[in-house]
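# Geometric and topological summary
Residue-level listing of the chains:
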Amino acid sequence: MIRGEKVRLVPPSGVDFAKVTGAWVNDPLTRHLIVGPAYQMSLAAREDFLRERLEPSFKGIYLVIETLDTPEPVAIGGIELRQVSPEHRSADIGILVGDRAYWGRGYGTDAMRALCRFAFDEMDLNRIELHVLEVNTRAVRSYERVGFVVEGRQRQDAYLGGHYYDSLVMGLLRADFVAAEQARQ
Ligand SMILES: CC(C)(COP(=O)(O)OP(=O)(O)OC[C@H]1O[C@@H](n2cnc3c(N)ncnc32)[C@H](O)[C@@H]1OP(=O)(O)O)[C@@H](O)C(=O)NCCC(=O)NCCS
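These remarks concern the structure in this document. Since the structure is predicted, the reported quantities are computational estimates derived from the model, not experimental observations.

### Description of the overall build of the protein chain
- The helix and strand inventory of the protein chain stands at six helices and eight strands.
- In terms of overall dimensions, the protein chain is globule-like: its C-alpha atoms have a radius of gyration of 16 Å, near the 16 Å expected for 185 residues.
- With respect to the three principal axes, the spread of C-alpha positions in the protein chain is 40 × 40 × 35 Å.
- Of the roughly 9,900 Å² of accessible surface on the protein chain, a fraction of 50% belongs to carbon and sulfur atoms.

### Topic: the pairing of strand β5 (residues 90-97)
- A large share of β5 lies buried, amounting to seven of its eight residues.
- Following strand β4 (residues 75-85), the chain reverses through four residues before pairing antiparallel with β5; Arg89 in that reversal takes a positive phi of roughly 55°.
- Pairing geometry for β5 and strand β6 (residues 127-133), over three bridges, is parallel. The partner of Ala91 across the bridge, within β6, is Ile128.
- For the segment spanning β5, helix α4 (residues 107-121) and β6, crossover handedness is right-handed.

### Details of the site of the ligand
- Close contacts around the ligand come from 23 residues, with Val97, Gly104, Gly106, Gly108 and Thr109 the closest.
- Here a nitrogen atom of the ligand and a backbone polar atom of Ile95 are 3.1 Å apart.
- The contact in question runs from an oxygen atom of the ligand to an N or O atom on the backbone of Arg105, over 3.1 Å.
- Burial of the ligand by the protein chains amounts to 77% of its free accessible area of 950 Å².
- Elements represented by at least two residues in the shell around the ligand include exactly β5, α4, β6 and α5 (137-146).
- Tallied by class, the residues present in the shell around the ligand amount to eleven nonpolar, eight polar and four charged.

### Remarks on the pattern of salt bridges
- Counted under the stated rule, the structure contains 18 salt bridges.
- In this structure, Arg82 and Glu80 form a salt bridge, with 2.6 Å as the shortest nitrogen-oxygen distance.
- On the accessibility criterion, Glu80 (5% relative accessible area) is buried.
- Connected via shared salt-bridge partners are Glu5, Arg113, Arg117, Glu181 and Arg184.

What counts and what doesn't
Residues numbered from 1 in each chain as written. Predicted model: local features only at pLDDT ≥ 70, side-chain atom pairs only at ≥ 80, totals over all residues. Heavy atoms only, no water. Helix = DSSP H or I, 4+ residues; strand = E, 2+ residues; numbered from the N terminus. Rg over C-alpha atoms; globule rule 2.2 N^0.38 Å. Areas by Shrake-Rupley, 256 points an atom, 1.4 Å probe, with all protein chains shown as cover. Buried < 20%, exposed > 50% of the residue type's maximum accessible area, 1.4 Å probe, protein only. Pairing = 2+ DSSP bridges. Right-handed = clockwise from strand over helix to strand, strands pointing away. Near = heavy atom within 4 Å. Polar contact = N/O pair within 3.5 Å; in protein donor to acceptor, adjacent residues only side chain to side chain. Nonpolar A, V, L, I, M, F, W, Y, C, P; charged D, E, K, R; others polar. Salt bridge = Lys/Arg side-chain N within 4 Å of Asp/Glu carboxyl O.

Structure, rendered in structure tokens:
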């Protein structure tokens, strides 16, 4: 378990967690924001998604985001490090706070901080990268709070709802994270 201030990150208990994610990944707005598949993800597809992440061959970590500031921990989303490269000490990161009722309340930023801290302190990584739609201002704002900086732009990277959208490439070095954490003190 990885502990944050508002959330804890725990391994999924198994593919049955896929049942929970249906309402999340099949929400039209969320699917747009995560540049997900243009069609509904079946339970079988979500189980495959999870099974792949539970395999030892998965070069990463997939964890469930649970609230810590509620009477009982509530599973509100998933977060993962993928493409982990021990050689280059780098990884990609992805997050989904699936239940909209929990958006904009600091859970996502806390989950990102907790996993990035684990990546730098426990996995000795040096660089974490992500790609985000430029229009996803909540996500961009949240990542900037953690210390990510915009490093590039992928023009017309996603075609969604009949329109092209640019994506931003954002990166976080260990030094950026340490500086951002110090600025919070
Ligand atoms: C993106 C996501 C992880 C952010 O987590 P969150 O818990 O909602 O966000 P937080 O409350 O931690 O932080 C959001 C920041 O954006 C700001 N914000 C909130 N709503 C906003 C909006 N509509 N537009 C711009 N900024 C917004 C908040 O004020 C906060 O900034 P602050 O800390 O300076 O006040 C979460 O909203 C999510 O999973 N969304 C759906 C899927 C998605 O977009 N995933 C990421 C794909 S790259």
